[in-house]
Amino acid sequence: MGSVSNQEFPGVCKPEEDEGPCTEEDCQSFHGVGVCKWFNVRMGFGFLSMTDREGVPLEEPVDVFVHQSKLHMEGFRSLKEGEAVDFSFKKSSKGLESQQVTGPDGIHCVGSERRPKGKKVQKRRSKGDRCYNCGDLDHHAKECKLPPQPKKCHFCQSIDHMVANCPIKAQQSSPGSQGKPSPSKGDNVEEEEHSLAAPPPEASD
């Protein structure tokens, strides 16, 4: 069908060279009847296919732009493809734009059953989710109403040490090491020195 902006539309006021520019009264608004050609529920706009203008049937349907803000309905505003509509419209620099869209005889639009697919909102998990400032589970540190508190161990809540040096956590995690004590820092140094002292393998001729 082509772009709406360059279509000849009978009855729409168009300034002529000998007539001068049209007045606001002539170019204000027109009434049309048709169906929804397509509507994007996510973007909130689409096009109407007008088959009747001011009670006069058109030889070929004409596209009219429609935005969800112009729909006469409650709740989520959208149109279903093929839905019958009555509407008022105007001609702008971009083409024909609807001003108010209703169902037949002014009733509410039916609307599409589709809804935009949004990102799922992840619910906050309370397990292990606590305020780092006061330790409560019902909020985060940025929402804490208390002044900055002394830093505490996240494991036992003691202010004497941090979680990296927590003796209670170390005792609970030691049975999980299958009875083998973790190597001390001195053992690591001794192993490193031994590996450095070992002579490199001789290259074969």
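Just above, that's the structure.
Residues numbered from 1 in each chain as written. Predicted model: local features only at pLDDT ≥ 70, side-chain atom pairs only at ≥ 80, totals over all residues. Heavy atoms only, no water.

Engineer: So what exactly am I meant to see when it comes to the overall build of the protein chain here?
Structural biologist: Looking only at helices and strands, the protein chain has two helices and five strands in total. Listed by position from the N terminus, the elements making up the protein chain come as β-β-β-β-β-α-α. The 205 residues of the protein chain split such that 25% are buried. Sequence separation of at least 24 residues holds for 46% of the intrachain contacts in the protein chain that already meet a minimum separation of 6. Accessible surface computed for the protein chain: about 16,000 Å², of which carbon and sulfur atoms make up 51%. (Helix = DSSP H or I, 4+ residues; strand = E, 2+ residues; numbered from the N terminus. Buried < 20%, exposed > 50% of the residue type's maximum accessible area, 1.4 Å probe, protein only. Contact = heavy atoms within 4.5 Å. Areas by Shrake-Rupley, 256 points an atom, 1.4 Å probe, with all protein chains shown as cover.)

Engineer: Help me out: how do you make sense of the environment of Ser158 in this one?
Structural biologist: Locating Ser158 in the fold gives a position in the loop between strand E5 (95–102) and helix H1 (167–173). Here Ser158 falls in the buried class, since its relative accessible area comes to 18%. Not counting residues within four places of it along the chain, the set of residues in contact with Ser158 comprises Lys151, Lys152 and Cys153.

Engineer: Looking at this model, I keep getting lost on the nonpolar core. Mind explaining?
Structural biologist: The nonpolar side chains of a soluble globular protein tend to be buried, and buried together. Ranked by internal contacts, the top residues of the largest apolar core, which has 19 residues, are Leu48, Met50, Leu79, Phe87 and Val101. Those elements giving two or more residues to this core turn out to be strand E1 (30–40), strand E2 (45–53), strand E3 (56–67), strand E4 (84–92) and E5. Per element, the largest residue contribution to this core is four residues, and it comes from E3. Once residues within four sequence positions are removed from consideration, Leu48 is found in contact with Val35, Cys36, Lys37, Val62, Asp63, Val64, Val66, Leu79, Val85, Phe87, Ser98 and Val101. (Core = buried A, V, L, I, M, F, W, Y, C linked by side-chain atoms within 4.5 Å.)

Engineer: Got a minute to help me understand the layout of surface pockets in this structure?
Structural biologist: Taking a probe equal in size to a water molecule and rolling it over the atoms shows the remaining empty space. Quantified by volume, the second largest pocket comes out at close to 150 Å³. Lining the second largest pocket, in full, are Phe39, Leu79, Lys80, Glu81, Ser112, Glu113 and Arg114. Residues that form the lining of the second largest pocket fall into these classes: two nonpolar, one polar and four charged. (1 Å grid on protein atoms, 1.4 Å probe; cavity = no way out; pocket = protein on both sides within 12 Å on 5 of 7 lines; lining within 4 Å. Points joined across faces, edges and corners; volume = space filled by probe spheres on them. Nonpolar A, V, L, I, M, F, W, Y, C, P; charged D, E, K, R; others polar.)

Engineer: Quick question: what am I supposed to make of the packing of aromatic side chains here?
Structural biologist: Two descriptors summarise a pair of aromatic rings, namely the distance from one centre to the other and the angle between the planes of the rings. Enumeration over the complete set of coordinates arrives at six aromatic pairs. Centroid distance Phe47 to Phe65: 5.7 Å. Interplanar angle 75 degrees. Geometry classified as edge-to-face. Linking Phe47 in strand E2 with Phe65 in strand E3, this pair joins segments that are 18 residues apart in sequence. Each residue in the set Trp38, Phe45, Phe47 and Phe65 is aromatic and connected to the rest through ring pairs, giving one cluster. (Phe/Tyr/Trp six-rings, centres within 6.5 Å; stacked < 30°, edge-to-face > 60°.)

Engineer: It is not clear to me how the pairing of E1 should be interpreted in this structure. Could you clarify?
Structural biologist: Taken residue by residue, a regular strand's side chains alternate between the two faces of the sheet. Looking at chain direction, E1 and E4 are connected through six bridges and run antiparallel. By the bridge assignment for E4, Phe30 is matched with Phe89. Here eight bridges tie E1 to E2, and the two strands are oriented antiparallel to one another. Note on E2: the bridge partner recorded for Val35 is Ser49. Here E1 hands over to E2 after four residues, with Gly44 in that stretch at a positive phi of 80 degrees. (Pairing = 2+ DSSP bridges.)

Fair warning: the whole summary comes from geometry, so function is off the table for now.
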